[in-house]
Amino acid sequence: MTPSSSSNAGRFHDVVIIGDGPAGSALAQACVVRGLDVVLIGGDADWSATYGAWLDEVDRLSILTDLDVTAGTPLDVWAWTDRRHELHRPYTLLDNAALRSALRRDVPTMAAKVLSVASGSDRHRVILDTDEELTARLVIDATGWPAAFANRTHGDGLPFWQTAFGVVLANPPVGDLGQPTLMDFREPPRTPAAQRRGRTPATFAYSLPVADGWLVEETVLAARPAVEPVALLPLLAARLHLEPDDMLDRAVRTEYVRIPMGASHPQRDQAVVAFGAAAGYVNPTSGYSVVHSMQMAPTVAVAIAESLSARPGTHVADSALVWNVVWPIAHRRTRLLHDYGLDMLGQLDGAAVREFFATFFDLPLQTWSTYMRADSSPTDVGRVMAQLFRAAPWSTRRRLLRGHPADFLRLARPS
């Protein structure tokens, strides 16, 4: 990583990337590889979130070729509905320090806060809280959702929220959650009264070994408005057969998670281009965005280089060209299908959600994993939706058709 330097101020950069998390760092790294003059701006804080991913998707990332950023050995994970599902797809956690080092190599950085971006016909001015000013031909907003400098689309714009409360315990929990578990939709034996009365949307447990112990989270699949993470504390304690205070006393640390699911895209006709979660990359099927951001970074960097070449000299880059690569038309169509699926799941109660995922994980691995990929073709995703509908029991079919049956049949029909 190239340290912060005042030499960046006053220079005319090709690209300024605001936001130095995994998405912004990945794009900065890809721009360096393309030979672009780029500077990455952010708070230079540690990456403290827990990033999980399917190992096959990590292995396909060209930006990490010959680099190992995984934490420990791959995990064989399970899911629970009314029965146990062996997923046969290795899962991994990312080593944040190794990932940060890999994505920051040779990247010029500045530790600062951006106050504003002023876009003109000949340059973008990036105003910092250090009384410095950077100029660039293109500005990328990688600050995460809801994007600090790229304007969002109109409409309700309100996402579903996947929220979670978690504890890291010194030792694996007793019972099934002492094994790596991606999703456990079963109700705990001592379900709190609010959950029994249906006041809390469908939740599941997530349980994996981490560097400092064993992480167990209680997660709301999707809710609008958001369920505050702390409201899940009693349910997690019940699942672990503990009193809430006892659970907190045993915790090495706690985690609070808020992930926007199905958030709207930023406007496309603007000078500042969003990337990563700021661009709506959070996958409605999983809540993940980091791997997809790393996958897209090299392709977007190529588009940035081409946009700069299209307007030589010191003119601003053609941001529309970059926007069309950040969100290709096929990905936008796939996203419509994923958003519809999320909307339907958000209307189901706990029993219906268990029934749905029992059918989903009974599909062949290649089928359900195709559905979950953000870059799968809309034809393939539509085919999986149709196959899932045919395989589902009638009770699930009725629920899927309850909201907008014509829309479901139109979207699920492969084209």
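Quick caveat, the model's predicted, so the values are computed rather than measured. (Residues numbered from 1 in each chain as written. Predicted model: local features only at pLDDT ≥ 70, side-chain atom pairs only at ≥ 80, totals over all residues. Heavy atoms only, no water.)

### Points about the overall build of the protein
To keep it simple, the criterion reads: In DSSP terms, a helix is any run of H or I states spanning at least four residues, a strand is any run of E spanning at least two, and both are numbered starting from the N terminus. Note on exposure labels: buried denotes an accessible area under 20% of the residue type's maximum, exposed denotes more than 50%, and partly exposed covers the range between, all computed with a 1.4 Å probe on protein chains only. Whether two residues touch is decided by their heavy atoms; if any such pair falls within 4.5 Å, the residues are in contact. Note on areas: Shrake-Rupley, 1.4 Å probe, and residue coverage restricted to the protein chains presented here.
Of regular secondary structure, the protein possesses 14 helices and 17 strands. Taking all 415 residues of the protein together, the buried fraction comes to 55%. Residue pairs in contact within the protein that sit at least 24 positions apart in sequence constitute 74% of those at least 6 positions apart. When the accessible surface of the protein is totalled, it reaches about 17900 Å², and 52% of it is carbon and sulfur.

### Points about the sheet that holds strand 13 (residues 181-184)
The pairing of strands in a sheet happens through backbone hydrogen bonds and is either parallel or antiparallel. Threshold: For two strands to count as paired, DSSP must find a minimum of two bridges between them. With axes taken as lines fitted to C-alpha atoms, and helix axes fitted only over the stretch in contact, angles between N-to-C directions fall between 0 and 180 degrees.
Pairing within the open sheet is mixed, and its 7 strands lie in the order 6-5-13-14-15-12-16. In this open sheet, the two strands that pair with only one neighbour each are strand 6 (84-86) and strand 16 (251-261). For this sheet, the mean inter-axis angle between neighbouring strands, taken without regard to orientation, is 15°. In the sheet, strand 5 (residues 78-80) pairs with strand 6 via 3 bridges, with the strands oriented antiparallel. Note that in strand 6 the partner of Trp 78 across the bridge is Glu 86.

### Section: the packing of aromatic side chains
Rules: Stacked, edge-to-face and tilted are the three classes for Phe, Tyr and Trp ring pairs, Trp counted by its six-membered ring, which pair at centre distances within 6.5 Å; planes under 30 degrees apart are stacked, over 60 edge-to-face, the rest tilted.
What the rule picks out here adds up to 17 aromatic pairs. For the ring pair Trp 145 and Trp 161, a centre distance of 5.5 Å and an interplane angle of 85° mean the geometry is edge-to-face. Taken together, the positions of Trp 145 in the loop between strand 11 (133-141) and strand 12 (160-169) and Trp 161 in strand 12 put the pair 16 residues apart, joining distant regions of the chain. Relative accessible area serves as the criterion here: at 24%, Trp 145 is assigned to the partly exposed category. Judged by centre distance (5.3 Å) and plane angle (75°), the rings of Phe 360 and Phe 361 are edge-to-face.

### Thoughts on the sheet that holds strand 3 (residues 52-54)
Pairing is antiparallel in the open sheet, where 3 strands are placed in the order 3-7-4. Two strands lie at the open edges of the sheet, namely strand 3 and strand 4 (70-75), each paired on one side alone. Adjacent strand axes in the sheet meet at a mean angle of 25°, parallel and antiparallel pairs treated alike. Of the strand pairs in this sheet, strand 3 and strand 7 (residues 91-94) are connected by 3 bridges, and their pairing is antiparallel. Note on strand 7: the bridge partner recorded for Gly 52 is Leu 93.

### What to know about the packing of helix 11 (residues 365-372) against helix 12 (residues 378-391)
Here is the rule we go by: Each angle is binned into one of four classes, with values under 35 degrees roughly parallel, values over 145 roughly antiparallel, values of 65 to 115 roughly perpendicular, and all other values oblique. Handedness of a crossing is defined here by the sense of rotation of the near helix relative to the far one, left-handed for an anticlockwise turn of less than a right angle and right-handed for a clockwise turn.
One way to put it is that helix 11 packs onto helix 12 with a least axis distance of 9 Å and a crossing angle of 125°. If you check the angle between helix 11 and helix 12, you find them oblique. Judged by the twist between their axes, the crossing of helix 11 over helix 12 is left-handed. Across from Thr 367, Thr 370 and Tyr 371 in helix 11, the residues of helix 12 making contact are Asp 380, Val 381, Val 384, Met 385 and Gln 387.

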